[in-house]
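Now for the letters of each chain:
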Amino acid sequence: MALVLGGCGKIRAGNTGTGETSATKLGFKKYAGAVGYPSVTGPHDKGYVAPGRGLRQLVPLGDCALGEGTFANGYHYVNVNWTGSDGCTKLSITPKPGADDESDVPYSMRSGWPGGGLPGDVVVPWDDGSLIGVGATVTRRAPNGGESRLAALPLTFNTHPEQETADDASVNTAVKVDSRLLIGGGQTVDQVESPYVFASDDAGKTVRRVPLPAIDGRQPSTPVGDFGVNGRTVVAFGAAATNAYDFHSTGTIPFWRSADGGVHWTSGDFTGMPPGTQVHSVLYTSGHWFAVGGYAKVGAFYDSLPLVLTSQDGTHWARTDSSAMGTGTITAATVDSAGHPVLVGSAPRPKSTPNTRTVLCGSVWVGDGTTTGWQRGGLGCSEDPPSAVATLADGRVLIAGNRDLWLSRSPRPGRGHES
């Protein structure tokens, strides 16, 4: 049976009100141009990075982090990794992009530099020091750098982007729960999308599909967007509400909860969602679950306001009043070394003329350990806003986009957490 949920909580934005302070006052230092994203079109062309492309995830690794994402090779986007410098003040694509390959081969969208690094849409650190990359296949990178290809997901992935109506699949999230690997995303068959979860009890060598219970007798037509974990309890949220793209006045977004590490699931849905609702991150800290993302302000055709859903048990959810948080869609989240949530997002800056390029203004919100207290800091405006955040092994918080990164000067007291 679907759960119809409601309730609101009042957000207080620290002492910043609806405005924002500088991220510097929240302890972050900006390193402009510290993220390498070279263009294949020429040394003076910084290259265009489409929304949702480029650097998408930061995974704590050693004294810094591994970046995972995609690179425009002149024909299409290919898998790449970023590695951090000493001190974690610079991220560089490794291996570096090679020269264009303009040879006449079938399907020109498959030519060009093939990318490099650990393949996958999501990377999960394992307790033996290895990294597990999850995409159409699962790949393990050993601590010594050697890579081995493991299971292939039994899904149809569209390898020809020009075939827009072909069956396809996406991997949106993966987590480690005890010794189990959970993988979530969506598949599109005959232009109908549905969510999936796969589980592996041998670190990706084999995978099995885990049934997700239906809601009101049928599966929602949205992929699993993200997992949140607390011990053996896992919460998964759908990536988008029913009114995420058609902008009806109210919509419904699904969620699932497992109390046994992802073997068995219960389902529910949250009704009354505002137009444009999407959930991008799920996390647990300080006795609370958070599902965060964005929704559209009245009259807008894109999500540009922060969405915060909270729960104590992962089953009964409430939408908090986020008006005091200002503008910005929350796109990434982590937990700092003091156990406080750190949210990162951006909002489009109003255009002077319709034909000017889109500029987005980034923000960071730091929680106070409750569900309603936030301090907001500005991260500046550019065409390449912050897109990923992680808490490093030493407790510092790293925020990165496709050009710039921000690093907290020192960790807060407490134990470090991974994003």
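No experiment lies behind these values; they were computed from the predicted model shown.

> I keep staring at the sheet that holds strand E2 (residues 28-31) and nothing clicks. Help me out?
Hydrogen bonds along the backbone pair up the strands of a sheet, which may run parallel or antiparallel. The strand order across the open sheet built from four strands is E2-E29-E28-E27, with neighbouring strands paired in antiparallel fashion. Only two strands of the sheet have a single neighbouring strand rather than two, namely E2 and strand E27 (388-391). Within this sheet the neighbouring strands show an average axis-to-axis angle of 15°, counted without direction. As paired elements, E27 and strand E28 (residues 397-400) share four bridges and run antiparallel to each other.

> Looking at this structure, how should I read the packing of aromatic side chains?
Each aromatic ring pair is characterised by the separation of its centres together with the angle its planes make. Considering all chains together, one arrives at 10 aromatic pairs under this definition. Where Tyr37 meets Trp82, the ring centres are 6.5 Å apart and the plane angle is 20°; that geometry is what we call stacked. Of the two residues, Tyr37 sits in the loop between E2 and strand E3 (55-61) while Trp82 sits in strand E5 (residues 77-84), which places them 45 residues apart along the sequence. Looking at Tyr37, the relative accessible area reads 5%, which means it is buried. An aromatic cluster of at least three residues, connected via ring pairs, comprises Tyr37, Phe71, Trp82 and Trp113. Cation over ring: Lys176 sits above Trp126, and NZ or CZ is 5.2 Å from the ring centre. Here the basic side chain of Arg319 rests over the ring of Tyr295, its NZ or CZ set 4.9 Å away from the ring centre.

> Whenever I open this one, the state of the cysteines confuses me. Can you help?
Here a disulfide denotes a covalent bond joining the sulfur atom of one cysteine to the sulfur atom of another. For the structure on display, the rule yields two disulfides. A disulfide bridge connects Cys64 with Cys88, and the sulfur atoms are separated by 1.9 Å. Between Cys64 and Cys88, the disulfide has an S-S torsion of 65° and is therefore right-handed. Pair noted here: Cys64 is in strand E4 (residues 64-72) and Cys88 is in the loop between E5 and strand E6 (91-93), with a separation of 24 residues, a long-range link. Owing to a relative accessible area of 1%, Cys88 belongs among the buried residues under this scheme. The disulfide that involves Cys361 links it to Cys381, with 2.0 Å between the sulfurs. Here the disulfide of Cys361 and Cys381 is right-handed, its torsion about the S-S bond being about 105°. Taken together, the residues Cys361 in strand E25 (residues 360-367) and Cys381 in strand E26 (residues 374-382) connect sequence positions 20 residues apart. Relative accessible area serves as the criterion here: at 22%, Cys361 is assigned to the partly exposed category. Classification of Cys381 as partly exposed rests on a relative accessible area of 40%.

> For this particular structure, what's the right way to read the side chain of Asp336?
Topologically, Asp336 is positioned in the loop between strand E23 (329-335) and strand E24 (341-348). Using a relative accessible area of 2% as the deciding quantity, one classes Asp336 as buried.

What counts, and where the lines are drawn
- Residues numbered from 1 in each chain as written.
- Predicted model: local features only at pLDDT ≥ 70, side-chain atom pairs only at ≥ 80, totals over all residues.
- Heavy atoms only, no water.
- Pairing = 2+ DSSP bridges.
- Helix = DSSP H or I, 4+ residues; strand = E, 2+ residues; numbered from the N terminus.
- Axes fitted to C-alpha atoms, helices over the stretch in contact; angles between N-to-C directions.
- Phe/Tyr/Trp six-rings, centres within 6.5 Å; stacked < 30°, edge-to-face > 60°.
- Buried < 20%, exposed > 50% of the residue type's maximum accessible area, 1.4 Å probe, protein only.
- Lys NZ or Arg CZ within 6 Å of the ring centre and 35° of its normal.
- Disulfide = S-S within 2.5 Å.

Function cannot be inferred from these measures alone, as they are strictly geometric.
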